Amino acid sequence: MRPRTTLAALMSGIALAGLAATMPAGGARAEAGTPGGTLRLLAKAASGTIDPHINYTLQYFQINYMLYDGLVTFRKAGDDTGFDVVADLAEALPEPQNDGKTYVFKLREGIKFSDGTDLTPEDVLASFQRIFKVSGPTSGTFYNGIVGADACLESPADCTLEGGVVIDDAANTVTINLTAPDGEFLQKIAIPHAAILPAETPAEDAGTTPVPGTGPYMIESYNPNERLRMVRNPHFEEWSADAQPAGYPDEIDYDFGLTEEAAVTAIQNGQADWMFDPPPPDRLAEIGSRYASQVSLHPLTAMWYAPMNTNLAPFDDVRVRQAVNYAIDRSAIVKLFGGAALAQPACQILPPGFPSYVPYCPYTAGDTDTWSAPDMEKARALVAESGTAGQEVTIVAEDNTVSRAIGVYLQGVLNELGYKTSVQPISQNIQFTYIQNTNNKVQISISQWFQDYPSPSNFLQVLFGCDSFTPGSDASVNISGFCDEAIDAKMDEAAALTLTDPEKSAAMWTEVDHAVTDAAPAAVLFTPKRVDFVSKRVQNFTFSPQFYWIMSQSWLQ
């Protein structure tokens, strides 16, 4: 999923043991509580635009599911069924037709946007066109298989998707035609980038202007320097508890600007209910021992990584990128993150437990499939072959405790390899868009990636596919600018086989994972776990594998 801002936590092993033992249940929906009250969320910084077709951060993906709906969505559940795709604005999941190239969605009757207007097939057509008109970050990967998408990608402003999205107002249906079968199509349109918005929504980044949606909440106001306020959508009536359950809090306030230290204190004092950022290291032992019942810990299918710009020196030389991979002590970075209980070293793209994952690490001392130790001798030899020692390198990190610490660590590694390195911390409000835009000439950065849905393409094709690289765009999620035509063709072949030969497809994705790892457009650092610290009054904390905390399903005591 989505780039994302910090989810790390520096935590002592002693404190963690207490947290893990008292982790709140995250299973199926609990007995109903009492609606009402204001849920107060905190983050050190906002996360940019609130346009659901553009924003690609976990911070706002997590709230967009309460504000918007797609034709389908992921089940709002706190167990593995949370990965299931269920019907949302559509009455039922469609059966693929035309050898898997056609899907017919019949819309539910009576659904209204938060501005009181009725949902119609025209809104669906306009929304899919808008994904391309605003050059959404997944338009070139998730939705490029829709008939007519090629023309839309070439000329976004003129996008019509003629023949690709066909509406029938009388039948209240929307037919989507693909150029080829796509076994992940329903998952791709279950994420917020395929949210259905009113047809009149301007085809430009909404920025701070709220866009009407169909979820149980709507944005009342947004000031990225102060607060995002969400209130009940007066026109919402629950149509499916699995897809879009009614929310408990009357209002959800997301405040920005407090330090992590102040956020912990606010939660302890009952002045706030949850913090997006990691608790600071000097407070972790305290909250782990005195507030253990208010903390939960969950493994994630995600990675922290350092994308290297394959089009800028010195990282346009594969030997340099491989050298960085050899030189990094991933155990040291795991310690910066909080230790072995909160993360594990990794050096391949796919995370453990993910489909097509087979342990692989060519960048480690010794002949093993998993990372064990750095190999500085190989690293130095590769840099010497490249003849790039002495060049200047800038590392762009988020301006928060963990990202800065990792940046400083990488600075030391690169200096040891012979480069003149500096670290440039940037507010997490803008760092992700900054490192994506080629105009900023970012050489290497610190970033994170969390699955959009459980498929290898979501890591490999989205982050390293040629279609994900858009020079000059703030939404070019292929931060490395990596484009290997042979690997790209194999990605396309693996994706095409998903429906007809899933076993062969899975094996090909494994090959792609290893090929991309060998080409080293990034240095994968570790796979993290998620730490949530909530106030005493938050009840029914439900952790979805897809959405993480399902905020709307918690009530206030």
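Under an unreviewed UniProt entry, the name given to the chain is ABC transporter substrate-binding protein, and the organism recorded is Paroceanicella profunda. Entered under Subcellular location (unreviewed entry) in the UniProt record, the comment concerning the chain runs "Periplasm".

**Q** For this particular structure, what's the right way to read the packing of aromatic side chains?
**A** The geometry of an aromatic ring pair is captured by two quantities: the separation of the ring centres and the angle between the planes. Taken as a whole and assessed by the stated rule, the structure comprises 24 aromatic pairs. Between Phe142 and Tyr143, the aromatic rings sit 5.9 Å apart at their centres with planes inclined by 85°, giving edge-to-face as the arrangement. We note that Phe142, like Tyr143, is buried. Taking 6.1 Å as the distance between ring centres and 65° as the angle between the ring planes, the aromatic pair formed by Tyr291 and Phe533 counts as edge-to-face. Of this pair, Tyr291 sits in the loop between helix H7 (281-290) and strand E11 (295-299) while Phe533 sits in strand E18 (residues 522-533), placing them 242 residues apart in sequence. Assessed through its relative accessible area of 12%, Tyr291 is described here as buried. Note on Phe533: relative accessible area 1%, which makes it buried. Site record: aromatic cluster; members linked through ring pairs are Tyr60, Tyr222, Tyr254, Phe256, Trp274, Phe276, Phe541 and Trp549.

**Q** Could you clarify how one ought to interpret the environment of Glu162 in this entry?
**A** Mapped onto the fold, Glu162 is located in the loop between helix H4 (149-154) and strand E5 (165-168). As for Glu162 and Gly148, which are separated by 14 residues in sequence, their C-alpha atoms are 5.8 Å apart.

**Q** Hey, could you run me through the sheet that holds strand E10 (residues 274-275) in this one?
**A** Paired through backbone hydrogen bonds, the strands of a sheet run either parallel or antiparallel to each other. Strand order across the open sheet formed by 5 strands is E7-E8-E9-E1-E10, with mixed pairing between neighbours. The open sheet has two free edges, formed respectively by strand E7 (217-223) and E10, since each of these has just one partner strand. Of the strand pairs in this sheet, E7 and strand E8 (residues 227-232) are connected by 6 bridges, and their pairing is antiparallel. Bridge pairing in E8 links Tyr222 to Leu228.

**Q** What should I look at first to understand the side chain of Asn325 in this one?
**A** Considering the arrangement of structural elements, one finds Asn325 in helix H8 (residues 318-327). Reaching out from Asn325, the side chain makes a polar contact with the side chain of Arg330 at a distance of 2.9 Å.

Rules of the game
- Residues numbered from 1 in each chain as written.
- Predicted model: local features only at pLDDT ≥ 70, side-chain atom pairs only at ≥ 80, totals over all residues.
- Heavy atoms only, no water.
- UniProt positions renumbered as here; feature names shortened; annotations may be inferred.
- Phe/Tyr/Trp six-rings, centres within 6.5 Å; stacked < 30°, edge-to-face > 60°.
- Buried < 20%, exposed > 50% of the residue type's maximum accessible area, 1.4 Å probe, protein only.
- Helix = DSSP H or I, 4+ residues; strand = E, 2+ residues; numbered from the N terminus.
- Pairing = 2+ DSSP bridges.
- Polar contact = N/O pair within 3.5 Å; in protein donor to acceptor, adjacent residues only side chain to side chain.

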